[in-house]
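Listed below, chain by chain, are the residues.
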Amino acid sequence: MDVLQLQNVATESTEMLPESGNKIHPQQMLKQLQQNRLELNQVLSCMQKRSSFASWIRENIRKRECCFFVKGDREDICKCGYEKAVHADEAIKPENFTGESWDIHRHVHEVPSDAFGDISFGGLGQKTGKYARVSTDTSPEVLYQLLTDQWKLSPPKLLISVTGGAKDFYLKTHLKNAFHRGLIKVAQTTGAWIITGGTHAGLMKHVGQAVREYALSSSSMNVQIVAIGVATWGIIHNREDLVHSEGCFPAYYSTDIKSQGKLSCLDANHTHFLLVDDGTHGKYGVEIELRSCLEKCISRKKLVKGSDLTIPVVCVVLDGGQGTLDTIFNAMLNGTPCVILEGSGRIADVIANVAGLPVSRVTIKLIRQLLKKFFGKDFKNFEIIKWTKQIQDIIKMSHLLTVFRVTEDSHGDVDVAILQALLKASRTNESLVTEAWKRQLELAIAWNRVDIAETEIFTEESQWKSSDLHWAMSSALVGNKPQFVSLLLENGVSLRDFLNEDENKLCELYNELPSCFFLRKLVKRVHSPKSPMKQVFGIRRQALNTDKDSISMTHVSDEIRHLLGSFTQRIYTVHSSIPMEDTSTSLHKNEMGSQATVRQNNTKAKRDPAIDLFLWAVVQNNKELAEIAWEQCKDCMTSALAASKILKKMAEEGNDADKAVDTQELANHYEKHAIGVFSECYNSDEERAQKLLVRVSSFWGQTTCLRLALEADDKNFVALSGVQALLTQIWCGGLSVDNPVWRVLICMIFFPLIYTGFLTFRCDELIQREAEKSEEKSMESTLRTSYPTKSLKPLSYWSKLVCLYSSPQVKFYWNIVSYFAFLFLFAVVIMVDFQDTPSAAEVLLYVWLFSLVCEEVRQLFHDSDGFGFRKKAEMYINELWNLLDVLSIILFIIGLAFRLTTELFYAGKVLLCIDFVVFCLRLMAIFIISRNLGPKIIIVKKMMMDMFFFMFLLSIWVVAYGVAKQGILIHNDNRLDWILRGAVYEPYLIIFGNVPTNIDYAEFDVGSCSMNGTDPLKPKCPVLNENQTPVFPEWLTIIMLCIYLLFANILLLNLLIAIFNFTFQEVQDNTDRIWKFQRYELIKEYHSRPAAPPPFIILSHFYLFIRNVVLCRPPMKCEEFKDELPEIEEEELLSWEFLNKDKYLQSTQQEQSQSMARRIQDTAQKVTAMTDRLERQDETSAASMMTKLTRLEEQVVQSTKMLQWIMDSLKSQGFAANETELTTDNESHEAEKETGSFHVNARQFSYPGSKVQRFPVPEEKVPWEVSFRSYVPTYYTSEDGSDCMDGSESEALDNYRNPEGRTGIRGRGALKRLGPNLNVDLLLTRWSDSKPSVLQFLAITDGHQNAVGLPGGPVESAHHLPVTLGETTMGTKLYEMLNKEMSEGTKVFEGYVDDSRNTDNAWVESIVLNLHLDRTSRVMVEINNMIVSSRDSLQWQDVKGKTRLSSNQRQFLRQVAELHSRTS
């Protein structure tokens, strides 16, 4: 059924709904219809995806089925293994049909697959997976597309191919636990795919159990272990449940092991299944070839985009037999590293036992002994020679072989062994050391395994420069791998070199930010039409034809300034962040002042790279990376507070509530860091710590720690005793903080007392402190005075007087006195002296108010922090006390305007009286500075907010009762004032106990009301009857009153009390902290306030107006809140702060290590270690028993040798004996005498260019001198040779023997003649033009096979070059020129070559000549011409370790490089 049909069904089902429902419940029916349509849309979307997947399967995936029925062992069974009933009618021929015999290649054809979709396994957990039936001829690329595109698997970073025993085998408990734990860990941490056979037996069952254990123990569902089972379709039990032409979603599969017989069930714990079908039934091993091709295809995929690194593959082996040995051998030939688990049994233990031995000791006898030992009853007459040859070849490739031994590895981590095997495989002799280490580090970063990097890469052998690791640092940062960032920093990466190596490095990091709120803000700023970048560079960007707008540091700087606040300057200069030419000047003029530009340009070189990296991590809300960068920061306290401000601003502007909570938590985290560092500094040196608070930070936009803490609302930081001590010091001004308040008050009136020592000045304290320091001769004092300090002098008489009256504390006390005097004058005027013509007292009141207005204007425009008028006005309005000031001034001005008119004279006085109330309320703000009253005022403000919400609830009940009561009692009263009085005012008074009398007949008085409502002073009477008594139901009004009192008086009032109590308890704990935070603004206000109190302050305002507006002089700097230190002093201060930060981090780590959670974790680790040790001891005891038995067996073997020696001695003395096939060690001894290694390529199993297989020749049987009775080599001679010989001509063959020994094949092979076949290889070298010069060689490349070789070929005589060079590659002219130069060449090598074409009777001998060419020679000119015309078939390549030459030619190239290194 297609999607259109499903939509029609949905429409019909909607129309068929009962009509009665629409008539009875239209809204409910509409909602139900909308919900049904939503569900139908979801179903349609799911069905559409399944339909699309099914069509893709039909187009790309095939199965195989038999098309020709031929009777097999039984009448109803075909040769393919399937029953006759399964075959199509066309496949069944008549009984008298005499046709061809059954052939799998001709009688099995492909048809679209009919088994795919989701598979669901019964039992606990309802495990589901994906499956598909695929043909053996399916392209691996199509399978990879199925896995990644259709099944939505993320590309792997590692491929683990697990192979071994297909039958159930026993694993020791410790080994099984180690295998399960290690396999899952490596898959989880690296994002690997695990590929197995997929059935519920043997090794595959163990892998499934490991995946199952992870699924049960893991609480996170983000990381899914991908276990892909590649199994044979024809051996799957109950496979008919998986067949459906349209796919199964899901197919319910039952695992029935008891009735499976010779078939196998799928393992329920695998996640994906590829069921390989070759058209047969009951035949195992069908999937091996396709699985190998798939693994090879995956290994060619790029691991990371833009990198040459491909997905690594590793083979993990447990147990196994002959098929497993073939798999290991073929995998290692393809360059795949293998990990063998010793102790798992059979072939794995055989290889593990010989892995550390030299090849000469791995003899046929030894392999036979090991096979008997580990195969036990299963040992039969194996192909012992072939097995020995394969095992010898395997242990030769030691860089690809890793044996995991639990007894030796105390950690017992299989995952480490797997990853170590991959790293070891990259350390080949052919690779340069630096390239090998780089590849290993790249793999470790891709896997995110910092433990592997620590133990295997960053060792004493590897020497790294900072520049060598910059690419790794970029990869770790962009890939969000904080542990690697820390490791790279520990191993010598300099952040300054990393960011300064490329000017755009930091910009590149911002362009590669992960998806986050800050990135969206940046993109919005880039695409904003107001962006200055677009205005200035719009034309140039069009000229460059850029597809998208990139993020520049200008955008970053603007966005950071927005988050920090407008009081800061841009932290990145425009000039340093834009790679355009001739544009920096215009931007400097447009976007910032000249002074700011100069300041930022001067500080550009001083920027701390750790701060830049810290900021980059903070804006993406990355705690781990930010923590690492913060530990490297110089200005750490300012950085922590800036991060707190940025994060809180991001949390405020973000739309995601959950992310906002995380961002707020991170902001609080860095506030704690700032608190910890400052506390450590303050405990060390109070004076220096206070300097840190007001020091101007050039790294963070010319702001201070204190300002950032206030803007970030970091109340805990501001409430610190050290910060409060600084504020108290500023509050006292030039006076000492130890002066009692009463002394200050007395000196305010009798100022001559300051000259008698009645008051202590701070300058006197500093002079005394300096004198004490000068007396101490210590190293600490010497260091602290390393920079020049100002010499302090005693204050003069005038200076003491100025210090007294300019102190914010004294200004505050005078202001209190002035304000009380103002209120007293105000009260006298409105109560006693309010005449038609303003009196002198009233005029003084107006002048006084004018001075207050001037002060409010000064506060509004005074901007010492550089907020800007808009921000300053916003801050002014947000302050409640400022709103009261504005309200009181506006009321006073309106009242004054009314008062000056005759008609509104009294109204003006009323407004002034109300204004007096507002002025009195404003008096509370003065007492915020008080430690006792200040917190109480904060509580009152909080309770006022609660009361407003309460009044909303109360008004509902008041209006509800009042309107109902008024409507019941009074009929049609049209007087608005009495209506409001009865409906609102009287119900409100009832709450306070004023019960009305007109709702009860007993207390009703007709005289107290007006019958028709004509008396304006009396309310209208209720409706009366003939007896002049009210007609309203008395019972109803009384019940309503009782209910109203119950809810209003009891419920709501008690609710208000409870709210007040809750607010008090909540705020009480924080009032001290809030009061300390708000105290700053009051101190700042009186610090900047003129010394004279109102109304005399108007003189100071007149002076400031002339100075700032008329004379245009710059405002005076305030060093108490913002201090720019000299460069030397600032550097010393920051270094001291950095040391204290380290102390803070150490103390924090100690606290964490001593925490209860950490102790529990340590205890759990110790218990686990003890358990593992006990298990290992049990296994060790069993292993010791096995060792003793092995020694006993060796003694028996030695006794057998001695008996053999005795028998040989008896034979030599004439005693005859029957010939018996006894195995001796003579051959082994002879093989051990050979010190050199034998040819290897000439003994490969497959002969190149043919399907011929060599006879296996173990290492010990290579020499002709060694007897090899069972040696029966294959005869092979290609048809295109010059010597055509018959295989029976053995006499001619015996005349030619390979000088290096047996090869496993007789005849001429692919060579032209018997005996030696002479080759000449030409090594043309030159020095490159680059600096430093590099040795280069001329190579011939094959674009189709991507192969590289040296110019050369077969020759008849050693005095001429191969003729094929002139005919194909080099041309006639160049060929003749090189022929003439042959005599001048250096002979690098002459002799036998280990060539894969060699046979017992024909072999290759080579002569390698080196011609080193001068760049100006004629030959060089001709070569360059040929290179241009050859279309890259001829190339000059650098001589380096990693080339694509054959092993022999690489050896020749290495000799030439050594030759020229000696001569240069």
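Because the structure is predicted, anything quoted here is derived from the model rather than measured. (Residues numbered from 1 in each chain as written. Predicted model: local features only at pLDDT ≥ 70, side-chain atom pairs only at ≥ 80, totals over all residues. Heavy atoms only, no water.)

Considering the overall build of the protein
So, step 1. Looking only at helices and strands, one finds 53 helices and 21 strands in the protein.
So, step 2. For the protein, buried positions account for 46% of its 1464 residues.
So, step 3. Carbon and sulfur atoms form 55% of the exposed surface of the protein, whose accessible area is close to 77,600 Å². (Helix = DSSP H or I, 4+ residues; strand = E, 2+ residues; numbered from the N terminus. Buried < 20%, exposed > 50% of the residue type's maximum accessible area, 1.4 Å probe, protein only. Areas by Shrake-Rupley, 256 points an atom, 1.4 Å probe, with all protein chains shown as cover.)

Focus: the pattern of salt bridges
So, step 1. Evaluation of the coordinates by the stated rule reveals 46 salt bridges.
So, step 2. Between Asp76 and Arg74 there is a salt bridge, and its shortest N-O distance comes to 3.5 Å.
So, step 3. Salt bridges here are not isolated pairs; linked through shared partners, they connect Lys63, Glu65, Asp114, Arg133 and Asp277. (Salt bridge = Lys/Arg side-chain N within 4 Å of Asp/Glu carboxyl O.)

Concerning the state of the cysteines
So, step 1. Tallied over the entire structure, the rule returns one disulfide.
So, step 2. Disulfide partner of Cys1009: Cys1021, at an S-S distance of 1.8 Å. The disulfide joining Cys1009 to Cys1021 has a torsion of about 100° about its S-S bond and is therefore right-handed. On the criterion of sequence distance, the pair formed by Cys1009 in the loop between α43 (976–990) and α44 (1034–1088) and Cys1021 in the loop between α43 and α44 is long-range, its members being twelve residues apart. In this pair, the class of Cys1009 matches that of Cys1021, namely buried. (Disulfide = S-S within 2.5 Å.)

Section: the pairing of strand β6 (residues 193–196)
So, step 1. Here β6 shows a buried face lined by Trp193 and Ile195 and a second buried face lined by Ile194 and Thr196.
So, step 2. Of the crossover connections in this fold, the one passing from strand β5 (residues 159–164) over helix α5 (residues 173–190) to the parallel β6 is right-handed. (Right-handed = clockwise from strand over helix to strand, strands pointing away.)

Digging into the side chain of Asp685
So, step 1. Tracing the chain through its elements places Asp685 in the loop between α28 (657–684) and α29 (686–694).
So, step 2. Of note is the side chain of Asp685, whose polar atom sits 3.1 Å from the backbone nitrogen of Glu687. (Polar contact = N/O pair within 3.5 Å; in protein donor to acceptor, adjacent residues only side chain to side chain.)

Some details on a nonpolar patch on the surface
So, step 1. A surface patch of nonpolar side chains, about 780 Å² in accessible area, is lined by Phe952, Leu953, Ile956, Trp957, Trp1035, Ile1039, Ile1043 and Leu1055.
So, step 2. The set of elements that each furnish at least two residues to the nonpolar patch consists of α42 (933–969) and α44.
So, step 3. Along the polypeptide, Ile1039 turns up in helix α44.
So, step 4. Ile1039 sits in the partly exposed class, given a relative accessible area of 42%. (Patch = residues over 30% accessible without salt bridge, like charges linked within 9 Å, V, L, I, M, F, W, Y side chains within 5 Å.)

With respect to the sheet that holds β5
So, step 1. An order of β8-β3-β4-β9-β7-β6-β5-β10-β11-β12 is seen for the ten strands of this open sheet, with the pairing classed as mixed. The sheet terminates laterally at β8 (248–253) and β12 (401–404), the two strands that pair on one side only. Going across the sheet, the axis of each strand differs from the next one's by a mean of 25°, ignoring polarity.
So, step 2. The sheet contact formed by strand β11 (residues 338–341) and β12 spans four bridges and is parallel. Note that in β12 the partner of Val339 across the bridge is Thr402.
So, step 3. Sitting on the sheet, α5 is in contact with β5, β6, β10 (313–318), β11 and β12, with an inclination near 155° to β5. (Pairing = 2+ DSSP bridges. Axes fitted to C-alpha atoms, helices over the stretch in contact; angles between N-to-C directions. Contact = heavy atoms within 4.5 Å.)

Description of unusual backbone geometry
So, step 1. Cis geometry is found at the peptide bond from Phe249 to Pro250, where omega equals 5°.
So, step 2. Looking at the element boundaries, Pro250 is found in strand β8.
So, step 3. For the bond running from Pro1094 to Pro1095, omega is 0°, close enough to zero to count as cis.
So, step 4. Structurally, Pro1095 can be placed in the loop between α44 and α45 (1097–1110).
So, step 5. Not every positive phi belongs to a glycine, and Asn480 is a case in point at roughly 55°.
So, step 6. Note that Asn480 resides in the loop between α15 (470–478) and α16 (482–490).
So, step 7. Phi is positive for Asp713, close to 60°, though the residue is something other than glycine.
So, step 8. With respect to the helices and strands, Asp713 occurs in the loop between α30 (705–711) and α31 (715–718).

A few points about the packing of aromatic side chains
So, step 1. Inspection of the entire model under this criterion finds 34 aromatic pairs.
So, step 2. The ring of Phe1245 carries Lys389 above its face, with NZ or CZ at 5.1 Å from the centroid.
So, step 3. Across the ring face of Trp630, the terminal group of Lys1141 is positioned such that the distance to the ring centre comes to 5.8 Å. (Phe/Tyr/Trp six-rings, centres within 6.5 Å; stacked < 30°, edge-to-face > 60°. Lys NZ or Arg CZ within 6 Å of the ring centre and 35° of its normal.)

Quick word on helix α37 (residues 808–831)
So, step 1. An ideal rise of 1.5 Å per residue puts 34 Å on 24 residues; α37 measures up with 34 Å between its terminal C-alpha atoms.
So, step 2. The element α37 is largely enclosed, with a buried count of 17 among its 24 residues. (Expected span 1.5 Å × (residues − 1).)

Some details on the environment of Asn1049
So, step 1. You can see Asn1049 is positioned in helix α44.
So, step 2. Given a relative accessible area of 24%, Asn1049 falls into the partly exposed group.
So, step 3. For Asn1049 and Phe992, which are 57 residues apart along the polypeptide, the C-alpha to C-alpha distance reads 8.1 Å.
So, step 4. Each residue touching Asn1049, except ones within four places of it in the same chain, is listed here: Ile990, Ile991, Tyr1044 and Asn1054.

Digging into the packing of helix α25 (residues 609–619) against helix α26 (residues 623–632)
So, step 1. Where α25 meets α26, the axes come as close as 8 Å, and the angle between the chain directions of the two elements is 160°. Judged by the inter-axis angle, α25 sits roughly antiparallel to α26. Viewed along their axes, α25 and α26 form a crossing whose handedness is left-handed. Where α25 abuts α26, its residues Ala610, Leu613, Phe614, Trp616, Ala617 and Val618 lie against Leu625, Ala626, Ala629, Trp630 and Gln632.
So, step 2. Grouping the amino acids of the contact of α25 with α26 by side-chain chemistry returns ten nonpolar, one polar and no charged. (Parallel < 35°, antiparallel > 145°, perpendicular 65-115°, else oblique. Left-handed = near helix turned anticlockwise from the far one by under 90°. Nonpolar A, V, L, I, M, F, W, Y, C, P; charged D, E, K, R; others polar.)

These figures come from the coordinates and say nothing about function on their own.
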